[in-house]
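Overview (structure and organization)
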Amino acid sequence: MLEDLFKVVTARFNVDDSEKAPDTPAEKQFKCPRCSESCTADELEDNKWVCPSCGYHSRISARERLSITVDKGSFVEYDKDMTSLNPIDFPDYEEKIAGLREKTGLTEAIVTGECTIKGERCIIGVMDSHFMMASMGSVVGEKVTRAFEAAAEKKLPLVLFTASGGARMQEGLVSLMQMAKTGGAAAKLSQAGGLYITVLTDPTTGGVTASFASLGDIIIAEPKVLVGFAGRRVIEGTIKQRLPEDFQSAEFTLENGFADMIVERKNLRRTIAHLIRLHKPYKEVDIRV
């Protein structure tokens, strides 16, 4: 069973190479890591990057997420040029960051800004696992914190799409400090009466799960995504017990009260807009038939 699990995890981490390669017809095929069925990249994109055969929700970039979530032309990005330093002089860290910026077109592992979703104004943040597995360093923590502060100041709801491998080890203690920082910012938005919606995507783990990803007023998860803190083998080795087969899945988090709902990608936009509308002050509600 562990060998099968390892194959699934390996396939998930390698899926991006088969998803997006523009050069040859063979590279334009997507092979699902769950059911092994194939489809064209165009078919996958038309289906919002969800496998047409089994419903596997593949990992997508922040720009792709924004394209299927926000109203066209409504997104205004915050803190676009904010970049990381090397606070603990980690070897080759600057070179790695520079390479990822060129490869992904991002300056960091999260994109934040203001937008409308089906006409509903909100602050939005989308983590991108293509950038250092969306690990949380100083810039990610700062951009998330500023998103909370903007939501409180402008009295707008905040929607964060989380996907992360956890804290960024290359920034040492500075990275770990972001857990408390983002948690404190979430508390201030709550005290201000703001709405905070978290959308857990694959994977949401480590320090991000242990901080702002777990603090949403409403926590949504995409189907069958990985949600957890430490790895399965680490936990089993620590507690000396066998964990359930569906442990750390979206369905397990829903069953045990960690998530409030599981929503398929095709329905997320409508669901988020509906939740924002439901939580508006009565005088602002637009009655729609």
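What comes next is a walk through the structure. (Residues numbered from 1 in each chain as written. Predicted model: local features only at pLDDT ≥ 70, side-chain atom pairs only at ≥ 80, totals over all residues. Heavy atoms only, no water.)

Moving on: the packing of aromatic side chains. When we look at a pair of aromatic rings, we describe it by the centre distance and by the angle of the planes. A full pass over the atoms with the stated rule returns 2 aromatic pairs. When the centroid spacing of 4.9 Å and the interplanar angle of 80° are considered together, the rings of F148 and Y196 count as edge-to-face. Residue F148 is located in helix α5 (residues 138-154), and its partner Y196 is located in strand β7 (residues 196-204); the two are separated by 48 residues in the primary sequence. With relative accessibility at 1%, the residue F148 sits in the buried group. Taking the centre distance of 5.4 Å and the plane angle of 75° together, the rings of F247 and F252 count as edge-to-face. (Phe/Tyr/Trp six-rings, centres within 6.5 Å; stacked < 30°, edge-to-face > 60°. Helix = DSSP H or I, 4+ residues; strand = E, 2+ residues; numbered from the N terminus. Buried < 20%, exposed > 50% of the residue type's maximum accessible area, 1.4 Å probe, protein only.)

Our next topic: the nonpolar core. Membership of the largest hydrophobic core comes to 58 residues, with the highest contact counts inside it found for F148, L158, I197, F212 and I220. Per-element accounting of this core gives the leading share, 6 residues, to α5. Filtering out sequence-adjacent residues up to four positions away, I197 remains in contact with L158, V159, L160, I218, I220, L275 and I276. Counting residues in each nonpolar core, the second largest holds 9 residues, with F30, W49, C51 and Y56 among its members. (Core = buried A, V, L, I, M, F, W, Y, C linked by side-chain atoms within 4.5 Å. Contact = heavy atoms within 4.5 Å.)

This paragraph deals with unusual backbone geometry. The omega angle of the peptide bond from D202 to P203 is -10°, so this bond is cis rather than trans. Looking at the secondary structure, you find P203 in strand β7. Residue D79 is not a glycine yet carries a positive backbone phi of 50°. Along the chain, D79 falls in the loop between β3 (76-78) and α4 (93-104). Under the relative-accessibility criterion, D79 is labelled partly exposed at 23%. Of note in the backbone geometry, A134 takes a positive phi value of approximately 55° without being a glycine.

What follows deals with the side chain of R277. Along the chain, R277 turns up in helix α10 (residues 265-278). With a relative accessible area of 18%, R277 lands in the buried category. A polar contact is formed between the side chain of R277 and the side chain of E120, at a distance of 2.8 Å. (Polar contact = N/O pair within 3.5 Å; in protein donor to acceptor, adjacent residues only side chain to side chain.)

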